[in-house]
Amino acid sequence: MSPFTSLPAIPSVAKKPVTDTRHGITRVDEYAWLRADNWQAMFKDPSLLDKEIRAYLEAENAYVEAAMGDTAELRKTLFAEMKGRIKEDDSSVPVKDGPFAYGTAFVTGGEQPRYFRIPRDGDHKDETIRDLLLDGDKEAAGKEYFRLAGINGTSDHTLGLWGYDDKGSEYYTLRVRDLSTKEDLADVIENSGGGGVWAPDGKSFFYTLQDENHRPSKVFHHILGTPQSQDRLVYEEKDAGFFMGVGGSLLDDFIYIDIHDHESSEYRILSTKDLTAEPKLVAAREPSIEYTMTEGGDVFYILTNDAGAKDFKIVEAPVEAPQKANWKDVVPHVPGRLILDHSAYARHLVWLERRDGLPRIVIRDRKTGEEHAIAFEEEAYSLGLQGAAEYDTDVIRFSYSSMTTPSQLYDYNMATRERVLLKTQEVPSGHNPDDYVTRRVFAKAHDGESVPITLLYRKDTPLDGSAPCLLYGYGAYGITIPASFNTSCLSLVDRGFVYAVAHIRGGKDKGYHWYEDGKMAKKMNTFLDFIAAADHLVAEKFTSYGKIVAEGRSAGGMLMGGIANMAPEKFGGVIAGVPFVDALNTMLDDTLPLTPPEWLEWGNPIESAEEYAWIAAYSPYDNVGTKPYPPILALSGLTDPRVTYWEPTKWIARLRDRAPDAGPYLLKTNMGAGHGGKSGRFQRLEEQAFDYAFAIKVAGKM
């Protein structure tokens, strides 16, 4: 029996068929009109949205609220639980940088972070010595959406560059703040990528500018006191398939211009000794060759997959001649050891690697070559390498957590190997790790591969198939979902759910090959791995078919659409957050914000009939049929530049049209936010409470 009873009338949506013929194949899209013709302008000013489209989205929101009306009290309870696990007046342990240490803090009831600094060796728990640099709550006042991009100080610690997005469209405004008076200068940069890097003298900075298709395509140099219109163009990337970022070195000796797509990269560097010079090319981009750089005094350390190093290696090159001909292996390639990140300091080289699905941090003495590793003993855990803000240091910072262990922050002395626990995440409402179990199990995929699954459940949860399960997945871009502590999911686990993360192909959980085997022509492995994970959990009696609620966001939302088409009978419900479900139409439209850069992940159906066929085989919108779909909740953001609002909107409309007797299908559009949902920390919890209320409702646990 459906948990949804007495539903109101479904919102009416018109059909206005549009045909498209490619490679001799004609498709009809009856809901193409839901894409606003003025979407570029609307992202910057949502009030410009077409009235008919707005009315339909608002009708869908009203329908969702009616359908979920019986969960109102449950949502309040869930929100209270989640909020109760967060220390409201929490603050970070400040990071030392010159005469100060910089940190962030929240106040009780506050939605946004506050940025502060204290004297370098001051007691960070003493709030009276905090110098408040930027108050996020004050800046956000009166705005429906507000997200800070942080604050970046000059070398002399007198000025700070900060940014904000107040639409959710990820066009950031940059301002410059006098850190002594806390007043902003007249300088204003519009439509930036969100951050910038100061020149060493603190009189100018570099930033990226977003073009009309939402691509950071230009790097500019801004001199304080001059209008943005006079900024010097430093470099322009004209290939629509590449993004750019700009950053600086710890030694203030170089500005890095990082140009990349999903599988190749190129760096251009600018010596800060001559800010007017042309950026110097390090190594020209090559298909499937990636590299990232960090400073090392007289050398650069470069992390790369060049020369067959599929799981990456670290090379060094002279600062004066960093071209590929001068690259020398420092940390050789070892198959199965995926090097994820690296940093260098005056006496040590540090990298984060993953072996057998688990991370560890490795430190090498630059003089002796001696290495040692930081690792932990739990069956599944997460490590974060934060490093340091200074080059001449022996102390780095890292974090550790697991599904049962709250996050722990450590300072680590690379010379003495002393590990100092700085902070353990507080759970004000209480948390006993001994009440829970974390496990790592493996499902057998259709082709014999072993798919890792991380599990969290209470010790008293019956493992006889009666427990409901929330199964989360992503599986794209090489992104690995860490086995980290998550206070929100405890609200499900404490209600008898098994919480599971399927580490499917498309991520890098088992090395770079795990990513390659879940993209382009092999994308179908991602969907099949997730279904295999569900099958394994049922076979081992962690749950049963019909009791599994599947969840994924963005590319993981595509996963949700795919598995709903392929195995709808196995799931009791589907939560698809900002879901990339109209994959074929999007990849056929090179005017959309992220289409050209995405072709290396999914394929280019414009140029290739074969790649068209790949995407057409799984694109959720194109494969909707008359099937026994479970209840589906689709979530979108009106100003989302990554997965545009019309993708889930069209998908829900087609589901209702082609499988009217299944579902129901719910569409919830955030009319004042983008890809990440609401911006405030408690606002996000309210959204999470809504999602979990849906899961609890469809699992019959209300």
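For the structure given in this document, a descriptive report is provided here.

Rules of the game
Residues numbered from 1 in each chain as written. Predicted model: local features only at pLDDT ≥ 70, side-chain atom pairs only at ≥ 80, totals over all residues. Heavy atoms only, no water. Helix = DSSP H or I, 4+ residues; strand = E, 2+ residues; numbered from the N terminus. Rg over C-alpha atoms; globule rule 2.2 N^0.38 Å. Buried < 20%, exposed > 50% of the residue type's maximum accessible area, 1.4 Å probe, protein only. Contact = heavy atoms within 4.5 Å. Areas by Shrake-Rupley, 256 points an atom, 1.4 Å probe, with all protein chains shown as cover. Phe/Tyr/Trp six-rings, centres within 6.5 Å; stacked < 30°, edge-to-face > 60°. Lys NZ or Arg CZ within 6 Å of the ring centre and 35° of its normal. 1 Å grid on protein atoms, 1.4 Å probe; cavity = no way out; pocket = protein on both sides within 12 Å on 5 of 7 lines; lining within 4 Å. Points joined across faces, edges and corners; volume = space filled by probe spheres on them. Nonpolar A, V, L, I, M, F, W, Y, C, P; charged D, E, K, R; others polar. Salt bridge = Lys/Arg side-chain N within 4 Å of Asp/Glu carboxyl O. Polar contact = N/O pair within 3.5 Å; in protein donor to acceptor, adjacent residues only side chain to side chain. Axes fitted to C-alpha atoms, helices over the stretch in contact; angles between N-to-C directions. Parallel < 35°, antiparallel > 145°, perpendicular 65-115°, else oblique. Left-handed = near helix turned anticlockwise from the far one by under 90°. Core = buried A, V, L, I, M, F, W, Y, C linked by side-chain atoms within 4.5 Å. Pairing = 2+ DSSP bridges.

Re the overall build of the protein
When you go through the protein residue by residue, the secondary structure sums to 13 helices and 37 strands. On C-alpha atoms alone, the protein measures out to a radius of gyration of 25 Å, which is about the 27 Å that the 2.2 N^0.38 rule sets for 702 residues. Judged by the C-alpha coordinates and their principal axes, the protein covers about 70 × 55 × 55 Å. The proportion of buried residues among the 702 residues of the protein is 57%. The long-range fraction of contacts in the protein, counting pairs at least 24 apart against all pairs at least 6 apart in sequence, stands at 56%. On the protein, roughly 27,100 Å² of surface is accessible, and the fraction owed to carbon and sulfur atoms is 49%.

Points about the packing of aromatic side chains
In the structure shown here, the tally under the stated rule is 30 aromatic pairs. Taken together, a centroid distance of 5.4 Å and an interplanar angle of 40° make the contact between F527 and Y618 tilted. Separated by 91 residues along the polypeptide, F527 in helix α7 (residues 524-539) and Y618 in helix α11 (residues 609-618) bring together distant segments of the chain. Residue classification places Y618 among the buried residues on the basis of a relative accessible area of 5%. The ring of F690 has K668 lying over it, and the distance from NZ or CZ to the ring centre is 4.9 Å.

Topic: the layout of surface pockets
Size it by volume and the second largest pocket reaches roughly 370 Å³. Taken together, 21 residues form the lining of the second largest pocket, with P94, V95, K96, R397 and D411 sitting closest to its centre. Of all the elements, strand β27 (residues 395-401) adds the most residues to the lining of the second largest pocket, at three residues. Of the residues assigned to the lining of the second largest pocket, the class counts are ten nonpolar, five polar and six charged.

Re the pattern of salt bridges
Under the defined criterion, the tally for this structure stands at 53 salt bridges. The partner of E353 in a salt bridge is R337, and the shortest N-O contact between them spans 3.7 Å. Within this pair, whereas E353 is found in strand β23 (residues 348-355), its partner R337 is found in strand β22 (residues 337-344), the two being separated by 16 residues in sequence. Comparing E353 with R337, the two get one shared label, buried. Its salt-bridge partner being D392, residue R347 comes within 2.9 Å of it at the nearest N-O pair.

What to know about the side chain of N305
Turning to its location among the elements, N305 is positioned in the loop between β19 (299-304) and β20 (313-318). Under the relative-accessibility criterion, N305 is labelled buried at 7%. Within the structure, the side chain of N305 is placed 3.1 Å from the backbone oxygen of S288, a separation counted as a polar contact. If we ignore the near neighbours within four places in the chain, the residues touching N305 are S288, I289, E290, K310 and F312.

Topic: the environment of S488
Relative to the helices and strands, S488 is located in the loop between β32 (469-473) and α5 (490-493). Given the relative accessible area of 9%, S488 is considered buried. Residues S488 and P99 lie 389 residues apart in sequence; the distance between their C-alpha atoms is 38 Å. Among all residues touching S488, those that are not within four sequence positions of it are M82, R85, L685, Q688 and Y692.

Side note on the packing of helix α3 (residues 72-84) against helix α13 (residues 681-698)
Relative to each other, α3 and α13 sit at 130°, their axes nearing to 8 Å. With respect to each other, α3 and α13 are oriented oblique. Along this stretch, α3 crosses α13, giving a crossing that reads as right-handed. Contacts from L74, R75, L78, F79, M82 and K83 of α3 reach α13 at F682, L685, E686, Q688, A689, F690, Y692, A693 and I696.

Comments concerning unusual backbone geometry
A cis geometry characterises the amide bond from G663 onward to P664, with omega recorded as 10°. Looking at where P664 falls in the secondary structure, it is placed in the loop between α12 (646-658) and β37 (665-670). Of note, D252 is a non-glycine position whose phi angle comes to about 60°, a positive value. Checked against the element boundaries, D252 lands in the loop between β14 (243-248) and β15 (254-260). With relative accessibility at 30%, the residue D252 sits in the partly exposed group. The backbone of R417 sits at a positive phi, close to 70°, despite the residue not being glycine. Examined against the element boundaries, R417 turns out to sit in the loop between β28 (408-413) and β29 (419-424).

A short note on the nonpolar core
L471, Y499, F530 and W651 are the most contacted members of the largest nonpolar core, which totals 121 residues. Those residues in contact with F530 that lie beyond four places of it in its chain are L471, Y472, G473, A502, I504, A550, L559, M560, I563 and F571.

Considerations on the sheet that holds β15
Backbone-to-backbone hydrogen bonds join strands into a sheet, with any given pair of strands oriented parallel or antiparallel. The four strands are arranged β14-β15-β16-β17 in an open sheet whose pairing can be described as antiparallel. Each end of this open sheet is capped by a strand with a single partner; those strands are β14 and β17 (280-281). In this sheet, β15 lies alongside β14 in antiparallel orientation, the contact comprising six bridges. When the sheet's bridge partners are listed, M244 is paired in β15 with I259.

Observations concerning empty space enclosed by the protein
Rolled over the atoms, a probe sized like a water molecule indicates the empty space that remains. Counted under the stated rule, the structure contains two cavities of 30 Å³ or more. In this model, the largest cavity occupies a volume close to 40 Å³. Residue lining of the largest cavity: Y474, G475, I479, I481, A502, H503, I504, G507 and D509, and that is the complete set. Residue composition of the lining of the largest cavity, grouped by class: five nonpolar, three polar and one charged. If you add up the space inside the second largest cavity, you get close to 30 Å³. What lines the second largest cavity is V197, W198, P200, G248, S249, D252, F254, I255 and T272. At the level of secondary structure, the elements contributing two or more residues to the lining of the second largest cavity comprise β10 (184-198) and β15. Taken together, the residues of the lining of the second largest cavity sort by class into five nonpolar, three polar and one charged.

Regarding the sheet that holds β28
Across the sheet, which stays open at both edges, the four strands sit in the order β26-β27-β28-β29 with antiparallel pairing between neighbours. Where the open sheet ends on each side, the last strands, each with one partner, are β26 (382-387) and β29. Adjacent strand axes in the sheet meet at a mean angle of 25°, parallel and antiparallel pairs treated alike. Pairing geometry for β27 and β28, over six bridges, is antiparallel. Residue pairing across strands places I396 opposite Y412, the latter belonging to β28.

Some points on the packing of helix α2 (residues 51-67) against α12
Orientation of α2 relative to α12, taken along the N-to-C sense of each, is 65°, at an axis distance of 12 Å. As for how α2 packs across α12, the hand of that crossing is left-handed. Touching Y56, L57, E60 and Y63 of α2 are T649, A653 and R656, all from α12. Its residues placed into classes, the contact of α2 with α12 shows four nonpolar, one polar and two charged.

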